[in-house]
Amino acid sequence: MLLPLPIILFVALLVFSIKKAKQEVNLNRHVITRNGVLILFISLTFLILYLIDARNGMLGALYISAYFSIAWILYLIVETISLFVIKRNILARTNLVILAIIAFIVAMGVIQLS
């Protein structure tokens with residue numbers, strides 16, 4: 001039942017970011033916003049579930065964070081493609097670097113688990 005909500009939010013964020021990208025190019029703000037949203041959401045998820053359910057909520061926080069991270073990666077991929085289409089190559093390449101860093105972190109986690 002909650003599946004349409006992330007899709008609607010996804011489309012709204014994409015439209016908003018494309019409109020902002022057409023107006024101005026501020027690379028520092030772009031990077032800080034993209035990384036800040038991801039870090040803030042994951043931190044708040046863990047903090048709220050820890051305060052509500054102590055240590056029993058940590059597995060749920062991990063699942064919620066993984067779901068949001070995957071959605072955020074998909075958002076960055078779609079935004080990168082759309083930024084290349086509207087010829088904002090600097091912002092698009094920055095998104096590719098952010099995606100590469102996220103892929104590296106995930107790969108290091110997988111290597112540590114195996």
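Because the structure is a prediction, the values reported are computed rather than measured.

Reading guide: rules and limits
Residues numbered from 1 in each chain as written. Predicted model: local features only at pLDDT ≥ 70, side-chain atom pairs only at ≥ 80, totals over all residues. Heavy atoms only, no water. Helix = DSSP H or I, 4+ residues; strand = E, 2+ residues; numbered from the N terminus. Areas by Shrake-Rupley, 256 points an atom, 1.4 Å probe, with all protein chains shown as cover. Phe/Tyr/Trp six-rings, centres within 6.5 Å; stacked < 30°, edge-to-face > 60°. Axes fitted to C-alpha atoms, helices over the stretch in contact; angles between N-to-C directions. Parallel < 35°, antiparallel > 145°, perpendicular 65-115°, else oblique. Left-handed = near helix turned anticlockwise from the far one by under 90°. Nonpolar A, V, L, I, M, F, W, Y, C, P; charged D, E, K, R; others polar. Buried < 20%, exposed > 50% of the residue type's maximum accessible area, 1.4 Å probe, protein only. Contact = heavy atoms within 4.5 Å. Core = buried A, V, L, I, M, F, W, Y, C linked by side-chain atoms within 4.5 Å. Patch = residues over 30% accessible without salt bridge, like charges linked within 9 Å, V, L, I, M, F, W, Y side chains within 5 Å. Salt bridge = Lys/Arg side-chain N within 4 Å of Asp/Glu carboxyl O. Expected span 1.5 Å × (residues − 1).

Colleague: Looking at this model, I keep getting lost on the overall build of the chain. Mind explaining?
Modeller: Across its full length, the chain carries four helices and zero strands. Overall size of the chain, expressed as C-alpha extent along the three principal axes, is 45 × 35 × 25 Å. For the chain, the exposed area adds up to about 8,300 Å²; of that, 76% sits on carbon and sulfur atoms.

Colleague: In this structure, what is going on with the packing of aromatic side chains? I would like to understand it.
Modeller: How two aromatic rings sit relative to each other is set out by the distance from centre to centre and by the angle between their planes. The full count for this structure, using the stated rule, is three aromatic pairs. Every member of this aromatic cluster is reached through a ring pair, and the members are F41, F68, W72 and Y75.

Colleague: How should the packing of helix α2 (residues 27-53) against helix α3 (residues 58-85) be read in this particular structure?
Modeller: The relative placement of two packed helices comes down to the angle between their axes together with the axis-to-axis distance. Close contact between α2 and α3 brings their axes to 9 Å; oriented N to C, the two are set at 165 degrees. Considering their axes alone, α2 and α3 lie roughly antiparallel with respect to each other. Crossing hand, α2 versus α3: right-handed. Of the residues in the contact of α2 with α3, the class split is 16 nonpolar, five polar and two charged.

Colleague: What should I look at first to understand unusual backbone geometry in this one?
Modeller: Among all residues save glycine, negative phi is the norm, and among peptide bonds the norm is trans. The phi torsion at K87 lies on the positive side, around 70 degrees, for a residue other than glycine. Its place among the elements puts K87 in the loop between α3 and α4 (89-113). Here K87 falls in the exposed class, since its relative accessible area comes to 65%.

Colleague: I'm lost on the packing of α3 against α4 in this one. Help?
Modeller: Where α3 meets α4, the axes come as close as 8 Å, and the angle between the chain directions of the two elements is 155 degrees. The orientation of α3 with respect to α4, classified from their angle, is roughly antiparallel. By crossing handedness, the relation of α3 to α4 is classed as left-handed. For the pair α3 and α4, the contacting residues are I73, L76, I77, E79, T80, L83 and F84 in the first and N89, L91, A92, R93, N95, L96, I98, L99 and I102 in the second.

Colleague: Which parts of the structure should I look at to understand the nonpolar core?
Modeller: Generally speaking, nonpolar side chains in soluble globular proteins are found buried as a group. Ranked by internal contacts, the top residues of the largest apolar core, which has 14 residues, are L38, W72, L76, L83 and I102. Those elements giving two or more residues to this core turn out to be α1 (4-23), α3 and α4. Ignoring sequence-local partners within four residues, the contact set of W72 consists of L13, R34, V37 and L38.

Colleague: How should I be thinking about a nonpolar patch on the surface in this particular structure?
Modeller: Taken together, the side chains of L40, L44, L47, I48, Y50, L51 and I52 define a hydrophobic patch exposed on the protein surface, amounting to about 730 Å² of accessible area. Note that L47 resides in helix α2.

Colleague: How should I be thinking about α3 in this particular structure?
Modeller: Owing to its 3.6 residues per turn, the α-helix brings residues three or four apart onto one side. Helix length check: α3, at 28 residues, gives a terminal C-alpha distance of 40 Å against a target of 40 Å (1.5 Å per residue), a fit within 8%. The set of residues buried in α3 consists of A61, S65, F68, S69, W72, Y75, L76, E79, T80, S82 and L83. Of the surrounding elements, those touching the buried residues of α3 are α1, α2 and α4. Directly after α3, the chain includes K87, whose backbone phi takes a positive value near 70 degrees.

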